[in-house]
Amino acid sequence: MKRIIYFLLIIALLLSSCTNSGVPGESESLSTERDVYQGGETESGISENSEFVSETLSAETFPSGGEVILSAEGILASMSVEEKVGQLFLARNPKTAEDGVAMIEDLHVGGVIFFGRDFKNSTPDAFKELIKLYNETANLPILTAVDEEGGSVCRASLYKPFRDEEFEAPAIIYAEGGLEAVLNDAAEKSEFLLSLGLNFNLAPVADISTDPDDFIFERSLGLGRDETSEFVSSVVTVMCEKGILSSLKHFPGYGNNEDTHTGIAYDKRSLDEIKNNDLVPFEAGIEAGAPVVMVSHNIVECIDSERPASLSEKAVSLLRDEMGFEGVIMTDDLSMDAIGDFTSGADAAVLAVIAGVDLLCSSDVEVQYEAVLSAVNDGRISEEGLNDSVLRILRMKLRYGIIK
């Protein structure tokens, strides 16, 4: 009788609109918790209400051959330490597909980020085949990321085989057509990237800059706090509706600081100025449902005078504890010169994880992976902290249908 009851329960769950939050499992002896969305869904299948209900379902009670719906916790329980560490990395795509396959096989990376060189001599069909190959190689489906902000930061749309014209900067689109034009652009951009197999756009830029002499000005909206906040919130909403991951950047706000691609930058502004101005667009994006926040390499002295924000427990605490962000925190690229001025890339990866960062953007993944794995094995990185970060990444992949 008990078998029949549980069988009916799982059938009911499978028929509900919440099944996108799990993946099939292979073991009939696995007992796990299943995360179920409560609330309506958008056209993309993303729930408008991310509240979860936990239901314990034991596979031992299912009829032989029954399908098991896995949660993030269930997936985590089946992973080795090496696989967990790999999930922390958003690794730069190597120059050849063979090297990319080897990286995924050997390091189990959670995602791959693509740059202009990966589109330059390719075609949409060839690129989609590359994504397919990588996912067939991976134990778990990967994040496929790109910086397609528009304007000075375009990757795929820069090349004619992919798009007739590159995407324009949001500031120019806003100046010509207002917020509605920006949202139409965000929708078109999201659909374009998804059509190529890309599921993660490292946008929108939430930095506030009104001075054309600032490094970040041409990548920002070029307007003040309120306009930037409305822009960020609206773009995040569109991206969520389309089913593509967004990333608010560069926390806690670049302001008028120098380019950290070329060296370390020291932000000397007061905490009141940052909280009352720069953090507001990030708060708006978080409220709109942004799944990821990227942390900059600036040393923001009023928050932590000793470490770049990307390596700072104090910066992570501001984002987690004061601002209530529960999603994935990621670094800017750990191979940027600002990090090299502060410490080695290998040490930076370890410090970032210890600080509470979840996802490491890496152009030197082999060295940084080994450094993090070694730190886990010798106890510098706690197993609990590692598991918390991997769970956030897995839950995000489940919510967005990357793991189906």
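Our structure's up above, just so we're on the same page.
Report follows, based on the coordinates. (Residues numbered from 1 in each chain as written. Predicted model: local features only at pLDDT ≥ 70, side-chain atom pairs only at ≥ 80, totals over all residues. Heavy atoms only, no water.)

Time to look at the pairing of strand S5 (residues 89–92). Within a regular beta strand, the side chains point alternately toward one face of the sheet and then the other, so they alternate between its two faces. Two strands pair when backbone bridges link them, and S5 and strand S14 (residues 360–362) are joined in this way by 3 bridges, in the parallel orientation. Within S14, the position partnered with phenylalanine 89 by the bridge is leucine 360. (Pairing = 2+ DSSP bridges. Helix = DSSP H or I, 4+ residues; strand = E, 2+ residues; numbered from the N terminus.)

Attention shifts here to the packing of aromatic side chains. A full pass over the atoms with the stated rule returns 8 aromatic pairs. Ring centres 5.3 Å apart and planes at 85 degrees place the aromatic pair phenylalanine 119 and phenylalanine 162 in the edge-to-face group. Of the two residues, phenylalanine 119 is situated in helix H5 (residues 117–120) and phenylalanine 162 in the loop between strand S7 (143–146) and helix H7 (170–195); the sequence distance between them amounts to 43 residues. Taking relative accessible area as the criterion, phenylalanine 119 reaches 0% and is therefore assigned buried. Feature note: the residues Phe114, Phe119, Phe127 and Phe162 constitute an aromatic cluster, connected by ring pairs. (Phe/Tyr/Trp six-rings, centres within 6.5 Å; stacked < 30°, edge-to-face > 60°. Buried < 20%, exposed > 50% of the residue type's maximum accessible area, 1.4 Å probe, protein only.)

Next up on the list: helix H13 (residues 365–377). When the terminal C-alpha atoms of H13 are compared, their 18 Å separation across 13 residues agrees well with the 18 Å that a helix rising 1.5 Å per residue should span. Those residues of H13 that sit buried are Val365, Gln368, Tyr369, Ala371, Val372, Leu373, Ala375 and Val376. Contact partners of the buried residues in H13: helix H3 (81–87), S5, helix H4 (97–107), helix H12 (345–355), S14 and helix H14 (383–399). One or two residues past the end of H13 sits glycine 379, with phi positive at roughly 90 degrees. (Expected span 1.5 Å × (residues − 1). Contact = heavy atoms within 4.5 Å.)

Glancing now at the side chain of aspartate 278. Considering the arrangement of structural elements, one finds aspartate 278 in helix H9 (residues 271–288). Classification of aspartate 278 as buried rests on a relative accessible area of 2%. Of the polar contacts made by the side chain of aspartate 278, one reaches the side chain of asparagine 277; its length is 3.3 Å. Discounting residues that sit within four places of it in the chain, aspartate 278 has contacts with Ile208, Pro252, Gly253, Gly255, Arg269 and Glu273. (Polar contact = N/O pair within 3.5 Å; in protein donor to acceptor, adjacent residues only side chain to side chain.)

Core analysis: the largest hydrophobic core is formed by 111 residues, its most contacted members being Phe200 and Val372. Among the elements that line this core, the one with the most residues is H12, at 8 residues. Not counting residues up to four positions away in its chain, the partners in contact with valine 372 are Val85, Leu88, Phe89, Ala349, Val350, Val353, Leu360 and Ile381. (Core = buried A, V, L, I, M, F, W, Y, C linked by side-chain atoms within 4.5 Å.)

Our next topic: the sheet that holds S7. Across the sheet, 5 strands lie side by side as S8-S7-S6-S5-S14; this open sheet has parallel pairing. Because the sheet does not close on itself, it has two edges, and the strands there are strand S8 (200–201) and S14. Of the pairings in the sheet, the one linking strand S6 (residues 111–114) to S7 comprises 4 bridges and is parallel in character. Looking at the pairing, valine 112 lines up with threonine 144 of S7. Packing of helix H6 (residues 124–137) onto the sheet brings it into contact with S6 and S7, and relative to S6 it is tilted by some 160 degrees. (Axes fitted to C-alpha atoms, helices over the stretch in contact; angles between N-to-C directions.)

Reading across the sheet, the 3 strands line up as S9-S11-S13 and stay open at both edges, with parallel pairing between neighbours. Each having just a single partner strand, strand S9 (247–251) and strand S13 (328–331) make up the two edges of the open sheet. Ignoring strand direction, the axes of neighbouring strands in this sheet form an average angle of 25 degrees. Pairing analysis gives 3 bridges linking S9 to strand S11 (residues 292–295), with the strands arranged parallel. Paired with phenylalanine 251 across the strands is valine 295, a residue of S11.

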